[in-house]
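Chain and residue survey
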Amino acid sequence: MPAPRLLILGLDGATWRLLEPWAANGRAPALAALMQRGTWGVLRSTVPALTLPAWASFMTGKNPGGHGVYGFRRLAFDRYEGARIANARDLRATTIWEVAAAAGKRIGVVNLPPSYPIRPIPNGFVVSCMLTPPGQPFTSPPELARDLGEYEIDLPPPKNLLRSAPDYRERALAYLRGMARQTRLRGEATLRLLGRGALDALCVVFYAPDRVQHYFWEYVDPDAAGSSSEDAEVREALLAVYAELDRATGMLLDAVGPDAGVVVLSDHGFGRKPARSVRVNRWLADRGYLRRRPLWTLRRKVVRAVVPHRWRDRYDTTDFILVDRARSRAWAETIFTGTAGLWINVRGRYPQGLVGEGTEYEAVREEIRRGLADLRDSDGSAVFRGVWRREDLYHGPFVGEAPDLMLDCAPRFGVLFESLRRELRRPDLFGPFEELGYTGTHDPEGVYVLAGPPFAARGRGEELPIEAIAPTVLYALGVPIPRDLEAPLPANALRPDHWASCPPAWQDVVGSRDAGADGSWRSGEDEEQVADHLRALGYLE
């Protein structure tokens, strides 16, 4: 079969904390061989270091302010109630696949979030991602599904998988064996797709690292005193998932041959779960920025005792029972376990806005920013490694949809979902971090490997932002790079002779795309099914 010019392997959640020593000791031989003939290093994720915004930045070359995807929900920047689930129609920037297809390249994309609803690639194909509702078509063109065999988009996770539970071992082994099977099937399906005809590039994303590291990080944590030996069979089943991933990598590398360029990347890295949670809304309430309703416990009892069940959803809410928006100047919402967004209750933006635009807004925002940036725990440890105004962190046409402040926790600390409800009921600023049975969580240091023509074999290279991969892919395909891509081409990772003979070309700016006009889901049932899956994965409250 004709080999593509470029193979792109996405390893969701992959981290050098594991892969570098495993490449050195023979546990990941396919990856090790690729590293030896290329340049590799840390790939800096987005803020938040989260699946949807990070993969969106990879495929557009833009930060979330430039493409409009900040998390698994559309952020509610002008209303109090929660926003809908995000999907591919929230991605409002042109992708590198569309740029390459416009240049006549034939592209295949497999399982890259966000890719549902499918945006067809002219003269190419798409297999959609984890956002696909059960039972819905997931390939473009539709007949592509026949080539996939026993394909699985994603696997239901073992929610609340706790070691203390009597069924822990049984559930853990079932999930790990399922993830190994899913990885094998995805590799085999991708191999069949390579045989569909001449491709210029194929991109496939494997979810396995992220999924198993959330629940089993303690078995492989390099910072622990030693690997867990509490259940050797669970550890072996976990390592078998990584072995299957390396086997799939080697199989695909063999299929494309040594003359193809190869890009390996992850959307974010991984590390140990936080030890403590910080209750940002408790901090805001203690300082008068956020107000609870008086007698809120009585309001809750009355609503639950008196209001007819058919009206319960209207009144048994955080806003009606607990939060007094009309007297509040700010509140925080968890975006993921290490990142929160903080909103200012601005007049003219929100129905019960309290803070005036301009001078008052800036004063309140800066006062809160400084207070949180200076926050320490009882040991003197900084709680946040970054507290940014949105315009200092993001740029582009969608900055106004971001929270007024973005809070990124130091590794020891995390934030919990349903933060308004949970935090205003507790008097303490700090507490334990217990969420969904997680033992590991995201960090911003992902991975990249660039190998084969036109990349240099330099070994460890410089840290790159995830946005730098977009111009790299286009250059490797010989496609002019749009001038609005944000990160420069990583020249140090390219062979000087290739650069001299094939200098990069540039083209005019490629503009933004329109978002879906009505929320973009085929039905409320579809959206709720996807939301249930994301909740089980720990990506939603």
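Preceding block: the structure.
Below: a short report on this structure. Only a predicted model underlies this, so the values are computations on that prediction, with no experimental measurement involved. (Residues numbered from 1 in each chain as written. Predicted model: local features only at pLDDT ≥ 70, side-chain atom pairs only at ≥ 80, totals over all residues. Heavy atoms only, no water.)

Helices and strands together make up the secondary structure of the chain, namely 18 helices and 21 strands. Here the chain has a C-alpha radius of gyration of 24 Å; the compact-globule value for 541 residues is 24 Å, and the two agree. Each principal axis of the C-alpha distribution contributes one length, and for the chain these read about 70 × 55 × 50 Å. Evaluated residue by residue, the chain yields a buried proportion of 60% over its 541 residues. For the chain, the proportion of contacts with a sequence separation of at least 24, taken over those separated by at least 6, is 74%. Of the side-chain charges in the chain, 69 are positive and 69 negative, and the distance between the mean point of each set is 4 Å. (Helix = DSSP H or I, 4+ residues; strand = E, 2+ residues; numbered from the N terminus. Rg over C-alpha atoms; globule rule 2.2 N^0.38 Å. Buried < 20%, exposed > 50% of the residue type's maximum accessible area, 1.4 Å probe, protein only. Contact = heavy atoms within 4.5 Å. Lys, Arg positive; Asp, Glu negative; His and termini not counted. Charge placed at Lys NZ, Arg CZ, Asp CG, Glu CD.)

This part is about the sheet that holds strand 13 (residues 405-409). Strands sit in the order 10-11-13-12 across an open sheet of four strands; the sheet is antiparallel. Single-partner strands in this sheet number two, and they are strand 10 (330-336) and strand 12 (384-389). Shown here is a sheet whose adjacent strand axes are inclined to one another by a mean of 20 degrees, direction ignored. Summarising the sheet, strand 11 (residues 339-344) and strand 13 pair through four bridges and their orientation is antiparallel. (Pairing = 2+ DSSP bridges. Axes fitted to C-alpha atoms, helices over the stretch in contact; angles between N-to-C directions.)

The next thing to look at is the pairing of strand 6 (residues 201-206). Side chains on a regular strand alternate between the two faces of the sheet. When you tally the buried positions in strand 6, you get six out of six residues, the bulk of the element. A two-sided burial pattern is seen for strand 6, the buried positions comprising Ala201, Cys203 and Val205 on one face and Leu202, Val204 and Phe206 on the other. Note: strand 1 (residues 6-11) against strand 6, six bridges, orientation parallel. In the strand pairing of strand 6, Leu7 is matched with Leu202.

Per the stated rule, a full pass over the model turns up 20 aromatic pairs. Ring geometry for Tyr116 versus Trp521: centroids 6.1 Å apart, planes at 35 degrees, classification tilted. Of this pair, Tyr116 sits in the loop between strand 3 (107-110) and strand 4 (125-127) while Trp521 sits in the loop between strand 21 (506-507) and helix 18 (524-537), placing them 405 residues apart in sequence. We note that Tyr116, like Trp521, is buried. Of the aromatic side chains, those joined through ring pairs into one cluster are Phe72, Phe336, Phe417 and Tyr539. (Phe/Tyr/Trp six-rings, centres within 6.5 Å; stacked < 30°, edge-to-face > 60°.)

Time to look at the side chain of Glu423. Tracing the sequence through the fold places Glu423 in helix 15 (residues 419-424). Of the side chains with opposite charge, Arg279 comes closest to the buried, unpaired Glu423, at an N-O distance of 6.2 Å. Among the polar contacts listed, one links the side chain of Glu423 to the backbone nitrogen of Val280, at a separation of 3.2 Å. (Salt bridge = Lys/Arg side-chain N within 4 Å of Asp/Glu carboxyl O. Polar contact = N/O pair within 3.5 Å; in protein donor to acceptor, adjacent residues only side chain to side chain.)

The next point concerns the packing of helix 2 (residues 29-36) against helix 8 (residues 232-256). Following both chains from N to C, one finds helix 2 and helix 8 inclined at 50 degrees, their axes separated by 7 Å at the closest point. Taken together, helix 2 and helix 8 sit at an angle that is classed as oblique. Side by side, helix 2 and helix 8 meet where Pro29, Ala30, Leu31 and Leu34 of the first sit next to Asp246, Thr249, Gly250 and Leu253 of the second. (Parallel < 35°, antiparallel > 145°, perpendicular 65-115°, else oblique.)

This part covers the state of the cysteines. All chains considered together, the criterion is met by zero disulfides. This cysteine, Cys129, is not joined by any disulfide, and Cys203 carries the nearest cysteine sulfur, 12 Å off. By relative accessible area, Cys203 is classed as buried at 1%. (Disulfide = S-S within 2.5 Å.)

Spatially, the three strands line up as an open sheet ordered 14-9-15, and their pairing is mixed. With one partner strand each, in any of the chains shown, strand 14 (413-414) and strand 15 (430-432) form the two edges of the open sheet. Alignment of strand 9 (residues 276-278) against strand 15, held across three bridges, turns out to be antiparallel. Among the inter-strand pairings, Arg276 is bridged to a residue of strand 15, identified as Pro432.

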